[in-house]
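Each chain is listed here by its residues.
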Amino acid sequence: MKAVGTQRTPLIAGNWKMYMGGRAGHELARGVAERAKGVGGVDVVVAPPLTVLAAIAHELEGSRVQVSAQNLYPKDEGAFTGEVSAPMLLEAGCKWVIIGHSERRQYFGETDASVAEKVAAAQKAGLRPIVCVGELLPEREAGKTLEVVYRQVDAFSRILGDQPGFGVIAYEPVWAIGTGKVAGPEQAQEVHAAIRQRLTGQSAELASATRVLYGGSVKPDNAAGLLACQDVDGALVGGASLKVADFAAIIEAAV
Ligand code: 13P
């Protein structure tokens, strides 16, 4: 049970990554909407691949499930073959966008600077950013977790500060993503509290309004323990968001 005074509505987001880009995605979205219907007091978001994004957003209109993109390009329009802008994503029915996921940092050369640029572009357009941070295993082993996470947060927190509570931070320790190695509730809480403390240095309002999600091997059997932590305001779920029953169980664990 969270301490009295915690006002942040939990948020459970499913990052489908490069899965479910066709008919299966539609079925998954419908299934999630059906199961989420009866669960109040939690925000639910799904992030499908681009091929089904607009169609799923359209299909989910009027449901309590909102749609997120997994990336954006930080210009409104132009000759940028293969890229998609924040205004385009909004027009497609997205309300959210994941920015700076570790897979994008690792495989697509995203840096703290490009993440900041994307956060600014999203926010300017009215698209809510879910900004990912997290340390690599060698960084944790070297005792550098907070140093890395602070550097990543500092790169964009001033932008989030323009609209406290509009954006969300996801702490995803890279060693826990897709590995089955989840951070224990104490490990997660320690970093989440440190992130909130860091935001306090900027503004108390930003610190109390910003939801900090945990991501990395969240499953139905470990979700409740993580979500009970004082500074864990939800989850960014990968693998378990691809099965209606698993994702629904995690949504239910948040309330
Ligand atoms: P898994 O839940 O599959 O570990 O993925 C986490 C993640 O990367 C969510 O963005």
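Above this text you will find the structure in question.
What comes next is a walk through the structure. (Residues numbered from 1 in each chain as written. Predicted model: local features only at pLDDT ≥ 70, side-chain atom pairs only at ≥ 80, totals over all residues. Heavy atoms only, no water.)

Description of the overall build of the protein chain
Counted only if it meets this: Helix numbers and strand numbers start at the N terminus; a helix is a DSSP run of H or I with at least 4 residues, a strand a run of E with at least 2. Each radius of gyration is computed over the set of C-alpha atoms, and the globule rule expresses the reference value as 2.2 Å times the number of residues to the power 0.38. The buried label applies to any residue whose accessible area, calculated with a 1.4 Å probe on protein chains only, is under 20% of its type's maximum; exposed applies above 50%, and partly exposed to all values in between. Values of accessible area rely on a 1.4 Å probe in the Shrake-Rupley scheme; residue burial ignores everything except the protein chains shown. In this tally, Asp and Glu contribute negative charge and Lys and Arg positive charge; neither His nor the terminal groups of the chain are included. For the purpose of locating charges, the reference atoms are NZ of Lys, CZ of Arg, CG of Asp and CD of Glu.
What the protein chain contains, in helices and strands, is 12 helices and eight strands. Here the protein chain has a C-alpha radius of gyration of 17 Å; the compact-globule value for 255 residues is 18 Å, and the two agree. Principal axes of the C-alpha set define a box for the protein chain whose edges measure 45 × 40 × 35 Å. Sorting the 255 residues of the protein chain into buried and exposed places 50% on the buried side. Surface accessibility of the protein chain: about 11,300 Å² in total, with carbon and sulfur atoms responsible for 54%. Distance between charge centres in the protein chain, computed from 25 positive and 28 negative side chains, equals 1 Å.

Regarding the nonpolar core
Formally: Residue types Ala, Val, Leu, Ile, Met, Phe, Trp, Tyr and Cys, when buried and joined through side-chain atoms within 4.5 Å, form a set referred to as a nonpolar core. Should any heavy atoms of two residues lie within 4.5 Å, those residues are counted as being in contact.
Of all hydrophobic cores here, the largest spans 64 residues; its most connected members are Ile-12, Phe-156, Ile-169, Ile-195 and Tyr-214. When sequence neighbours within four positions are dropped, the list of residues in contact with Ile-12 reads Val-42, Asp-43, Val-44, Val-45, Leu-227, Gly-234, Ala-235, Val-237, Phe-247, Ile-250, Ile-251 and Ala-254. Counting residues in each nonpolar core, the second largest holds 12 residues, with Val-45, Ala-47, Ile-130 and Leu-236 among its members.

Topic: the environment of Gly-38
With respect to the helices and strands, Gly-38 occurs in the loop between helix 1 (23-36) and strand 2 (43-47). With a relative accessible area of 73%, Gly-38 lands in the exposed category. With 129 residues separating them along the chain, Gly-38 and Gly-167 place their C-alpha atoms 26 Å apart.

A look at helix 2 (residues 50-60)
Which entries qualify depends on this criterion: Note that the arc is computed from the directions linking the helix axis to the C-beta atoms.
Of the residues making up helix 2, those classed as buried are Val-52, Leu-53, Ile-56, Ala-57 and Leu-60. The buried side chains of helix 2 occupy one side of the element, clustering within an arc of 140° when seen end-on. Of the exposed residues in helix 2, those oriented more than 90 degrees away from the buried face are Thr-51 and His-58. In the core, the buried residues of helix 2 are packed alongside helix 1, strand 2, strand 3 (65-69) and helix 3 (86-91).

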